[in-house]
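Analysis of the macromolecular model
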Amino acid sequence: LAKTTQPISMDSYEGQEVNITCSHNNIATNDYITWYQQFPSQGPRFIIQGYKTKVTNEVASLFIPADRKSSTLSLPRVSLSDTAVYYCLVGPSGNTGKLIFGQGTTLQVKP
Amino acid sequence: NAGVMQNPRHLVRRRGQEARLRCSPVKGHSHVYWYRQLPEEGLKFMVYLQKENIIDESGMPKERFSAEFPKEGPSILRIQQVVRGDSAAYFCASSGGAGNQPQHFGDGTRLSIL
């Protein structure tokens, strides 16, 4: 199973772009990179998923270099409501798709 | 949270009682996962089920815990003879398939043991 490493916490201010980098040196050929967001007292929410290069949707972008040993989640112009824990995961984990969560990155957005 | 419904949202039990947690997946999803989150920790996988079958229970404690996903009705996570260490948030997720399919989570059941 590919292990991920990401910063424990980050601070930002409203309106700034936030980039959270995740390291996954042992990523396997068939692994995808997926990011989830979790607010207090809620379940994780899927943000974005990618395999290589760049993926963009209405809430975020995901940048994956050619060697796929790291990835960067980019949140444009954050607001206070983006304060949450962000999890980087790689997988699938075996044939079942179970998710292996790490500690995540706690993003605090300040006014 | 994409239609996964968990109930109850909060459950209080005394030591030795049974706890039953229910999860209704997104309509059309036949893959259900249960995770447990202790305070200040990340989620830990417990069990993966498809309709009427347990596919992977490698994260389930060996005793007192069981799960089912019947042909009709919600998935159930059952904890018998609860102990204080069972206090946690239990999350259910569903997907349309295994592998890299994104999982949709419910808002969890917070279990408190007195």
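Residues numbered from 1 in each chain as written. Chains lettered and ligands numbered in written order. Predicted model: local features only at pLDDT ≥ 70, side-chain atom pairs only at ≥ 80, totals over all residues. Heavy atoms only, no water.

**A closer look at the overall build of chain B**
The number of helices and strands found in chain B is zero helices and 11 strands. For 114 residues, the compact-globule estimate of 2.2 N^0.38 gives 13 Å, and chain B sits close to it at 13 Å. For chain B, the spread of C-alpha atoms along the principal axes amounts to about 35 × 25 × 25 Å. Per-residue burial for chain B yields a buried fraction of 44% across its 114 residues. Across chain B, contacts joining residues at least 24 apart in sequence account for 52% of those joining residues at least 6 apart. A total accessible area of about 5,600 Å² is found for chain B, and carbon and sulfur atoms account for 45% of it. Taking the 16 positively charged and 11 negatively charged side chains of chain B as two groups, their mean positions are separated by 6 Å. (Helix = DSSP H or I, 4+ residues; strand = E, 2+ residues; numbered from the N terminus. Rg over C-alpha atoms; globule rule 2.2 N^0.38 Å. Buried < 20%, exposed > 50% of the residue type's maximum accessible area, 1.4 Å probe, protein only. Contact = heavy atoms within 4.5 Å. Areas by Shrake-Rupley, 256 points an atom, 1.4 Å probe, with all protein chains shown as cover. Lys, Arg positive; Asp, Glu negative; His and termini not counted. Charge placed at Lys NZ, Arg CZ, Asp CG, Glu CD.)

**Describing empty space enclosed by the protein**
Applying the stated criterion across every chain, the model contains two cavities of 30 Å³ or more. The space that makes up the largest cavity amounts to roughly 100 Å³. Taken together, 17 residues make up the lining of the largest cavity; nearest its centre are A:Thr34, A:Gln49, A:Gly91, A:Leu99 and B:Asn100. Residues of the lining of the largest cavity, tallied by class, amount to seven nonpolar, nine polar and one charged. (1 Å grid on protein atoms, 1.4 Å probe; cavity = no way out; pocket = protein on both sides within 12 Å on 5 of 7 lines; lining within 4 Å. Points joined across faces, edges and corners; volume = space filled by probe spheres on them. Nonpolar A, V, L, I, M, F, W, Y, C, P; charged D, E, K, R; others polar.)

**Quick look at the sheet that holds strand β1 (residues 9-13) of chain A**
Strand pairing in a sheet relies on backbone hydrogen bonds. The paired strands run either parallel or antiparallel. Residues and elements named next belong to chain A. Taking strand neighbours across the sheet as the criterion, the five strands line up as β1-β9-β8-β3-β4 in an open arrangement whose pairing is mixed. With one partner strand each, in any of the chains shown, β1 and β4 (45-50) form the two edges of the open sheet. Going across the sheet, the axis of each strand differs from the next one's by a mean of 25 degrees, ignoring polarity. Taken together, the five bridges between β1 and strand β9 (residues 105-110) define a ladder with parallel strand orientation. Paired with Ser9 across the bridge in β9 is Thr106. (Pairing = 2+ DSSP bridges. Axes fitted to C-alpha atoms, helices over the stretch in contact; angles between N-to-C directions.)

**Points about the pairing of strand β3 (residues 32-38) of chain A**
Residues and elements named next belong to chain A. The element β3 is extensively covered by neighbouring structure, given that six of its seven residues are classed as buried. Here seven bridges tie β3 to strand β8 (residues 84-91), and the two strands are oriented antiparallel to one another. By the bridge assignment, Tyr36 is partnered in β8 with Tyr87. Hairpin geometry of β3 and β4 is characterised by an intervening segment of six residues between the two adjacent antiparallel strands and by a positive phi of about 65 degrees at Ser41.

**A closer look at the interface of chain B and chain A**
Counting from both sides, the interface comprises 24 residues of chain B and, opposite them, 20 residues of chain A. Three residues, B:Leu43, B:Asn100 and B:Phe105, lead the burial of chain B against chain A; their summed loss comes to 27% of the area buried on that side. Scanning the region where chain B abuts chain A turns up one salt bridge. Of the charged contacts, one joins B:Asp56 and A:Lys98 as a salt bridge, the two residues approaching to 3.3 Å between their closest N and O atoms. Counting across the interface, chain B meets chain A through nine residue pairs in polar contact (both at pLDDT 80 or more). Mapped onto the side of chain B that touches chain A, the elements with two or more residues apiece are β4 (31-37), β5 (43-50) and β6 (53-56) of chain B. Taken together, the residues that form the side of chain B that touches chain A break down as 10 nonpolar, eight polar and six charged. (Buried area = accessible area lost by both parts, 1.4 Å probe. Salt bridge = Lys/Arg side-chain N within 4 Å of Asp/Glu carboxyl O. Polar contact = N/O pair within 3.5 Å; in protein donor to acceptor, adjacent residues only side chain to side chain.)

**A look at the nonpolar core**
If you look at the biggest cluster of nonpolar residues, it comprises 23 residues, and the most contacted ones within it are B:Trp34, B:Met46, B:Leu77 and B:Tyr90. Of all the secondary structure elements, the ones that give two or more residues to this core are β3 (19-24), β4, β5, β7 (65-68), β8 (75-79), β9 (88-95) and β11 (109-113) of chain B. With near-sequence residues (within four places) excluded, B:Met46 lies in contact with B:Trp34, B:Tyr35, B:Arg36, B:Asp56, B:Glu57, B:Ser58, B:Gly59, B:Met60, B:Pro61, B:Phe65, B:Leu77 and B:Tyr90. Counting 20 residues, the second-largest nonpolar core is a separate cluster that includes A:Cys22, A:Leu62, A:Leu75 and A:Ala84. (Core = buried A, V, L, I, M, F, W, Y, C linked by side-chain atoms within 4.5 Å.)

**Here we look at the sheet that holds strand β2 (residues 18-23) of chain A**
Residues and elements named next belong to chain A. Ordered in space as β2-β7-β6-β5, the four strands form an open sheet in which the pairing is antiparallel. Among the strands making up the open sheet, the edge pair consists of β2 and β5 (53-56). On average, each strand axis in the sheet is tilted by 15 degrees relative to the strand beside it, whichever way the strands run.

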